[in-house]
Amino acid sequence: RHKMSCVKRATPIFAARRVARHRARDVTRRGDLGGAYGDSFNDVDNLLMNYFTFRALKETLAQMQETDLSPGKGEYKWLYNFAASEYKNRGDEFIKKLFAEGRSDHAQRILAQRVVLLKRWRSYFNRGLGGERCQEKYEDVNLEILREQLFCSLNAEIDECVECDEATLYNKILKDSEQD
């Protein structure tokens, strides 16, 4: 059976942060949601750069785990531990920290891997596979969310539930419509 989640209200996904006002009181602000994109997608570019750095790090670690000949896989363990403590979803900062630690070999390897991944992704996306599949996936997910919301909103008795059974809900709707 397919279970659906009835959600009464959306919860904000942006972490709250305190912003001091000109008066003595503090105001809680939730992310910067204003503004229009226009022709710039700089935030998307930054997100992709961080993602490709993360993927390059993962692939580099996988390669090192297989090929590291140092005693006890010391090079692999060092990079793994360094990444676990220093990688904070900021790719460029992480690369700079590697250089600062004197590990230019690892930094250059991750930079090269990041370029290779970006080229592979661009090739995939430019062939029409990425863009079309991505759009189809978004449309399918949006349709499923709207469908679930419709099922949940059609039955006032189930508004209080956290989960509702689609078959039970469908049968109830049919029964209620026969009574009208």
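Residues numbered from 1 in each chain as written. Predicted model: local features only at pLDDT ≥ 70, side-chain atom pairs only at ≥ 80, totals over all residues. Heavy atoms only, no water.

> So what exactly am I meant to see when it comes to the nonpolar core here?
In globular proteins that are soluble, nonpolar side chains generally tend to be buried together. Within the largest apolar cluster, 16 residues are counted, with the highest numbers of intra-cluster contacts made by L57, L61, L79, F94, I95, L98 and I110. When contributions to this core are tallied by element, the ones reaching two or more residues are α1 (42-67), α2 (74-86), α3 (91-100) and α4 (104-126). Leaving out residues up to four positions away in the same chain, L61 has contacts with Y76, L79 and Y80. (Core = buried A, V, L, I, M, F, W, Y, C linked by side-chain atoms within 4.5 Å. Buried < 20%, exposed > 50% of the residue type's maximum accessible area, 1.4 Å probe, protein only. Helix = DSSP H or I, 4+ residues; strand = E, 2+ residues; numbered from the N terminus. Contact = heavy atoms within 4.5 Å.)

> Just checking my understanding: could you explain the packing of aromatic side chains for this structure?
The geometry of an aromatic ring pair is captured by the separation of the ring centres together with the interplanar angle, meaning the angle of the planes. Following the criterion strictly, the structure yields 7 aromatic pairs and no others. With a centroid separation of 5.3 Å and an interplanar angle of 80°, the aromatic rings of Y87 and F94 are classed as edge-to-face. By relative accessible area, which is 14% here, Y87 ends up buried. Since its relative accessible area comes to 1%, F94 is described here as buried. Through a chain of ring-to-ring contacts, three or more aromatic side chains come together here, namely F54, W78, F82, Y87 and F94. Here R103 stacks its cationic end above the ring of W78, 4.8 Å away from the centre of that ring. (Phe/Tyr/Trp six-rings, centres within 6.5 Å; stacked < 30°, edge-to-face > 60°. Lys NZ or Arg CZ within 6 Å of the ring centre and 35° of its normal.)

> Honestly, α3 in this entry has me stumped. Any pointers?
Since the α-helix packs 3.6 residues into each turn, any two residues three or four apart lie on the same face. Inspection of α3 places G91, F94, I95 and L98 among the buried residues, and these make up the whole buried set. The arc that holds the buried residues of α3, viewed along the axis, is 100°, so those residues lie on one side. Of the residues in α3, the exposed ones pointing more than 90 degrees away from the buried face are K96 and A100. Next to the buried residues of α3 lie α1, α2 and α4. G102 sits one or two residues past α3 and shows a positive phi near 85°. (Arc of directions from axis to C-beta.)

By themselves, these observations are geometric and do not establish any function.
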